[in-house]
Amino acid sequence: MNCLRVHGYIKSALAANTQITFHRYLTCEKPLNLNLKLSWFAHTDMPEEMRVETMELCVTACEKFATNNESAAKMIKESMDKKFGSSWHVVIGEGFGFEVTHEVKNLLYMFFGGSLAVCVWKCS
């Protein structure tokens, strides 16, 4: 098991287009070029193939349910449960902090469209 702690608001750092550092636990990586609106991962320990599939799924769900984060999270969770086994959890929103315990190589924290954050992790 692994523990990740993130605190604070992300909106101001995103608006300033600066590197985000939450205490000493998490530093944003450079944006990915997936030809998908503005999306990048802030932290992940997933293998490359799983990360790309998960990010594509998150972007698809957020675009499909642009006004309903709960439905987008449900779509992501159900797809991840089918593809990678059960016990996946998803949080979608703006300006939230979190602390989760997760299985190693099963965490993705990303941003979509500027201020929308998506956290996907597995914990059984």
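Please refer to the structure placed before this passage.
As the structure is a computational prediction, the values presented were derived from the model and not from experiment. (Residues numbered from 1 in each chain as written. Predicted model: local features only at pLDDT ≥ 70, side-chain atom pairs only at ≥ 80, totals over all residues. Heavy atoms only, no water.)

J.: Where do I start with the packing of helix α2 (residues 48-64) against helix α3 (residues 69-84) in this structure?
T.: A pair of packed helices is captured by two measures, namely the crossing angle of their axes and the spacing between those axes. Between α2 and α3, the shortest axis-to-axis distance is 9 Å and the interhelical angle comes to 150°. Our classification of the angle between α2 and α3 gives roughly antiparallel. Relative to α3, α2 is oriented so that their crossing is right-handed. In this structure, α2 uses M50, E53, T54, L57, C58, T60, A61, C62 and K64 to contact α3, whose residues at the interface are A72, M75, I76, S79, M80, K83 and F84. Within the contact of α2 with α3, the residues separate by chemical class into ten nonpolar, three polar and three charged. (Axes fitted to C-alpha atoms, helices over the stretch in contact; angles between N-to-C directions. Helix = DSSP H or I, 4+ residues; strand = E, 2+ residues; numbered from the N terminus. Parallel < 35°, antiparallel > 145°, perpendicular 65-115°, else oblique. Left-handed = near helix turned anticlockwise from the far one by under 90°. Contact = heavy atoms within 4.5 Å. Nonpolar A, V, L, I, M, F, W, Y, C, P; charged D, E, K, R; others polar.)

J.: Where do I start with the packing of aromatic side chains in this structure?
T.: Aromatic rings considered in pairs are described by the distance between their centres and by the relative angle of their planes. Counted by the stated rule, this structure contains five aromatic pairs. Taken together through their ring pairs, the aromatic side chains of F96, F98, Y109 and F111 make up a single cluster. (Phe/Tyr/Trp six-rings, centres within 6.5 Å; stacked < 30°, edge-to-face > 60°.)

J.: Would you mind showing me how to read the sheet that holds strand β4 (residues 39-44) here?
T.: Adjacent strands of a sheet pair through backbone hydrogen bonds, lying either parallel or antiparallel. Spatial strand order, β4-β7-β8-β5: four strands in an open sheet with antiparallel pairing. In this open sheet, the two edge strands, each paired with only one partner strand, are β4 and β5 (88-93). Ignoring strand direction, the axes of neighbouring strands in this sheet form an average angle of 15°. Across the sheet, α2 is in contact with β4, β5, β7 (107-112) and β8 (116-122); its angle to β7 comes to roughly 40°. Against the sheet, α3 makes contact with β5 and β8, and its axis sits at roughly 155° relative to β5, the strand it touches most. (Pairing = 2+ DSSP bridges.)

J.: Just checking my understanding: could you explain unusual backbone geometry for this structure?
T.: Among all residues except glycine, the phi angle is most often negative; among peptide bonds, the trans geometry is most common. The phi torsion at S87 lies on the positive side, around 80°, for a residue other than glycine. Among the structural elements, S87 can be located in the loop between α3 and β5. By relative accessible area, which is 23% here, S87 ends up partly exposed. A positive phi is found at K105, a non-glycine position, where the angle reads about 65°. On the basis of relative accessibility, which here comes to 49%, the residue K105 falls in the partly exposed class. (Buried < 20%, exposed > 50% of the residue type's maximum accessible area, 1.4 Å probe, protein only.)

J.: Can you walk me through the side chain of D45 in this structure?
T.: Among the secondary structure elements, D45 is positioned in the loop between β4 and α2. Within the structure, D45 has its side chain in polar contact with the backbone nitrogen of K105 (distance 2.9 Å). Of note is the side chain of D45, whose polar atom sits 3.1 Å from the backbone nitrogen of N106. (Polar contact = N/O pair within 3.5 Å; in protein donor to acceptor, adjacent residues only side chain to side chain.)

J.: Explain α3 to me, please; I cannot follow it from the model alone.
T.: An α-helix turns once every 3.6 residues. As a result, residues three or four positions apart point the same way. Between its terminal C-alpha atoms α3 stretches 22 Å, which fits the 22 Å expected from 16 residues at 1.5 Å a residue. Of all the residues in α3, the buried ones are A72, A73, I76 and M80. Buried positions in α3, seen along its axis, are confined to an arc of 95° and lie on one side of it. Away from its buried face, by an angle of more than 90 degrees, α3 presents the exposed residues E70, K74 and K82. In this structure, the buried residues of α3 make contact with α2, β5 and β8. (Expected span 1.5 Å × (residues − 1). Arc of directions from axis to C-beta.)

Geometry only, nothing functional implied.
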